[in-house]
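Structure at a glance
Listed here are the chains, written in short residue letters.
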Amino acid sequence: MIAYIIRRLLATIPVMLLVAVIVFLLVHLAPGDPASVIAGDNATSDQIAAIRATLGLDRPLWEQFAIWIWRVLQGDLGQSLFWNRGVAELILQRAEPTVSLAITTLIFAVSIAIGLGVLAAWKAGSGIDRSVMGLAVAGFSVPVFVVGYLLVYLFAIELRWLPVQGYRPIAQGFWPWLERLILPSVALGLAYLALIARITRTTMLEILSEDYIRTAQAKGVATRPMLFRHALKNAAVPIVTVVGIGVALLISGVVITETVFNIPGIGRLVVDAITRRDYPIIQGVMLVFSAIYVLVNLAVDLSYTLFDPRVRY
Amino acid sequence: MTETAPILEVLDLRTHFFTQDGVTRAVDGVSFSLAPGETLGIVGESGCGKSVTALSILRLLPPKLSRIVGGRVVFEGTDLLTLHEPAMREIRGNRIAMIFQEPMTSLNPVLTIGEQIAEAVRIHQGASRKEALARAVEMLKLVRIPDAERRVGDYPHQFSGGMRQRVMIAMALSCNPKLLLADEPTTALDVTVQKQILRLMLELKERIGSAVILITHDLGVIAETAKRVVVMYAGRVVEQAEVTALFDAPLHPYTRGLMASIPRLKHNRTRRLAEIPGIVPDLRTPIPGCAFAPRCPLATDRCREAAPSLDDHGGGHFAACWEAGRA
């Protein structure tokens, strides 16, 4: 098990390096120049060139990459071009809202999706099944910002049940924290929920026709334990896999959701950084997101051993 | 024959499957009865309706595809077909238990053997987790799984096919059922293991006092174990008799065909093993006459026009054949 974890972590090194190269190239090859943003509208080309020189942007691209990656390997994500702060510090400052949003979304989506998926599989072909799957298709096809604004209009503006936007740290109380996360979580989680509900239904449908389900029924097992104890545990591996893969949906959705709901998280940090071409922040955030994705999926693979006794590492 | 009230009476059972291509009459008017503690064999080729009959008794067929369209299944005086689902669940695994053909796929891969045996005990006898697990260990010892205390915590993939079938037997008998439905319990096992499992099942059945319906395509198994035999063909009973009477003087040409296809060492090796020509008919189209007529060496025009009824040919030996007994 330990050997497996070490092997998997070592295997992520080339992946992360590749991510670093791609992110660096994308950021630097895209049009736009941070020096001219910093210099302002009335700057002369000499001033801009001077700023470029101090930021090291005049050096060849491979040299800039070498400097950046060397620091990253030492655990230093660099300095922001605009704020006089380290990238790591900025990310940590903005982490709480994003982590909060990710956790509430995960809980919302997974708990509802699995219930709906199991229900749809059990009642396969019925009206319930068709409405759940219709909802899943809709949830997957409507963009986050459309859902977000619809929710805000209905529950915040018309019904006045929940705040329109913003974020409160959990230190200021659980409910103020939670009530501002409900609408963003629903908006962000809908596509995720749809994905998990679909895979749950498909997997459960297959498992419900297995011989051991008939054995359970022949024993007199009632419907609920038959579904959850006998079938769902067997469906866990594909479901957890999709939960892990779907984290990519969350990461990309977080950026939009934080903008729609004005949440000062990492998503907003990176959007602001992109508009200003704050290269170190964009690169740092991308790298952190990739690392999270890789680690989540490692955790998913390890969790297989909890669900299936046949899996051993 | 002593007249005890039968524990199970199946009367004119009809189970149909509804598919896109039409209605399949998988079980089409099957009747038989079973005395307490008796072993009844049901034989026939694949697709003749043996398994569907057993699954119909426990009402375990997929409700979306199939329906029991007629008949009665009277168990200890109650017609099971009239019971509500919760009442039916109290019978399943408790008064009537079932053993399936495929030991490799019939156990849940993610639950321990102990949990799976203990479950029925907990459901039906209200036993605590601990009591039920103790009962599971006891059952594992009964089916002669060595080192039962330790193996109770193992998962199915840690057992061989024969061992898994022992576990299935332990599970089925854990609540001392009055009736055990064994659907080809040894077919999927190695020949060397088949006999052991069969003997174990019958020994425990005697101990517990259960009646058994043993479904098989193997007449040899029937000869060794059953008291009475039902021969099925195309969803119907074609012959029913005491086992000795059936083997001494089979009346239905289908039964004779089955017997002729058993290899015997005594016979001249050069003689070709007999087979029944043709295949089991398509059950989606109604068959006007005898379903076996197209494959029968004795078939006449009458056989093709009208279905023979299951008549007593003396001494409780029933056969559904116009030409019954003709050589």
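Residue indices follow the written sequence of each chain, beginning from 1 at its first position. Each chain takes a letter, starting from A, and each ligand takes a number, starting from 1, following the order in which they are written. Given that this is a predicted model, residues contribute local features only at a pLDDT of at least 70 and side-chain atom pairs are listed and counted only at 80 or more, while totals for whole chains, interfaces and linings are drawn from all residues.

**Digging into helix H6 (residues 161-173) of chain B**
All names here are of chain B. Rules: Strands here mean DSSP runs of E at least two residues long; helices mean DSSP runs of H or I at least four residues long; both are numbered from the N terminus. What a helix is expected to span follows from its residue count: subtract one and scale by 1.5 Å. To sort residues by exposure, count the other C-beta atoms lying within 10 Å of each residue's C-beta; 20 or more gives buried, 12 or fewer gives exposed, and values between give partly exposed, all with C-beta atoms placed from the backbone. Residues are defined as contacting one another if the C-beta atoms placed from their backbone atoms lie within 7 Å.
Given a rise of 1.5 Å per residue, 13 residues ought to cover 18 Å, and the 18 Å separating the end C-alpha atoms of H6 matches this to within 8%. Across the 13 residues that make up H6, a large majority, eleven, are buried. All of the buried residues in H6 are Met163, Arg164, Gln165, Arg166, Val167, Met168, Ile169, Ala170, Met171, Ala172 and Leu173. Turning to H6, the residues buried within the fold contact strand S6 (96-99), helix H3 (113-125), helix H4 (129-142), strand S7 (179-183) and helix H7 (191-208).

**Points about the packing of helix H1 (residues 2-29) of chain A against helix H4 (residues 61-73) of chain A**
Residues and elements named next belong to chain A. This is how the line gets drawn: Under this scheme, a helix contributes an axis fitted over its contacting stretch, all axes are lines through C-alpha atoms, and angles between N-to-C directions fall in the 0 to 180 degree range. Note on terminology: angles under 35 degrees are roughly parallel, angles over 145 are roughly antiparallel, angles of 65 to 115 are roughly perpendicular, and the others are oblique. Crossings are assigned a handedness: left-handed for a near helix turned anticlockwise from the far helix by less than a right angle, right-handed for a clockwise turn. Note on residue categories: nonpolar means Ala, Val, Leu, Ile, Met, Phe, Trp, Tyr, Cys or Pro, charged means Asp, Glu, Lys or Arg, and polar means any other residue, Gly included.
Their axes nearest at 11 Å, the elements H1 and H4 cross at an angle of 135°. Taken as axis vectors, H1 and H4 run oblique relative to one another. Of the two elements, H1 crosses H4, and the hand of that crossing is right-handed. Contacts between H1 and H4 involve Ala20, Phe24 and His28 from the former and Leu61, Phe65, Trp68, Ile69 and Val72 from the latter. Of the residues assigned to the contact of H1 with H4, the class counts are seven nonpolar, one polar and no charged.

**Side note on the nonpolar core**
Residues and elements named next belong to chain B. Our working definition: Each nonpolar core consists of buried Ala, Val, Leu, Ile, Met, Phe, Trp, Tyr and Cys residues. Their C-beta atoms, within 7 Å, join them into a set. Per the annotation, domain bounds derive from an automatic or database assignment of domains.
Core analysis: the biggest nonpolar cluster contains 96 residues, and Leu181 and Ile213 have the highest contact counts within it. The greatest single-element share of this core, amounting to eight residues, is contributed by H6. Residue-level mapping places this core at the junction of two domains, with at least three residues from each of domain 1 (8-95 + 177-319) and domain 2 (105-176). Residue contacts for Ile213: discarding those within four places in its chain leaves Leu34, Leu40, Ile42, Ala54, Leu181 and Ala182.

**Observations concerning the interface of chain B and chain A**
On the chain A side, the residues contacting the 24 residues of chain B number 20 residues. Breaking the side of chain B that touches chain A down by element, the ones donating at least two residues are helix H2 (85-91) and H3 of chain B. The element that contributes the greatest number of residues to the side of chain B that touches chain A is H3 of chain B, accounting for four residues. Residue composition of the side of chain B that touches chain A, grouped by class: eleven nonpolar, seven polar and six charged.

**Here we look at the sheet that holds strand S1 (residues 8-19) of chain B**
Pairing between the strands of a sheet is mediated by backbone hydrogen bonds and can be parallel or antiparallel. All names here are of chain B. Note the threshold: Paired strands are those between which DSSP finds at least two bridges.
Strands sit in the order S2-S1-S4-S5 across an open sheet of four strands; the sheet is antiparallel. Two strands close off the open sheet at either side, each with one partner strand: strand S2 (22-34) and strand S5 (78-79). Relative to strand S4 (residues 66-75), S1 runs antiparallel, the two being bridged by eight bridges. The residue of S4 that forms the bridge with His16 is Arg67.

**Regarding the domain arrangement of chain B**
Residues and elements named next belong to chain B. Under the domain assignment used here, chain B contains domain 1 (8-95 + 177-319) and domain 2 (105-176). Centre-to-centre separation of domain 1 and domain 2, based on C-alpha positions: 29 Å. The partner domain 2 presents 14 residues to the 14 residues of domain 1 that form the contact. Broken down by element, the residue count for the side of domain 1 that touches domain 2 peaks at six residues, all from H7.

**Observations concerning the pairing of S2 of chain B**
Residue and element names in this part refer to chain B. Relative to S2, S1 runs antiparallel, the two sharing ten bridges. Across the sheet, Thr19 pairs through a bridge with Gly22, a residue of S2. Joining the antiparallel neighbours S1 and S2 is a turn of two residues.

**Side note on unusual backbone geometry**
Residues and elements named next belong to chain A. Positive phi outside glycine occurs at Arg160, with the angle close to 55°. Assignment of secondary structure puts Arg160 in the loop between helix H7 (144-158) and helix H8 (174-207). The phi dihedral of Arg277 falls on the positive side, at around 55°, and the residue is not glycine. Its place among the elements puts Arg277 in the loop between helix H12 (266-276) and helix H13 (279-307).

**With respect to the environment of Asp154 of chain B**
Residues and elements named next belong to chain B. For Asp154, the position within the fold is in the loop between helix H5 (148-151) and H6. The class of Asp154 is partly exposed, set by 17 C-beta atoms lying within 10 Å. Along the sequence, Asp154 and Leu111 sit 43 residues apart, while their C-alpha atoms lie 8.7 Å from each other.

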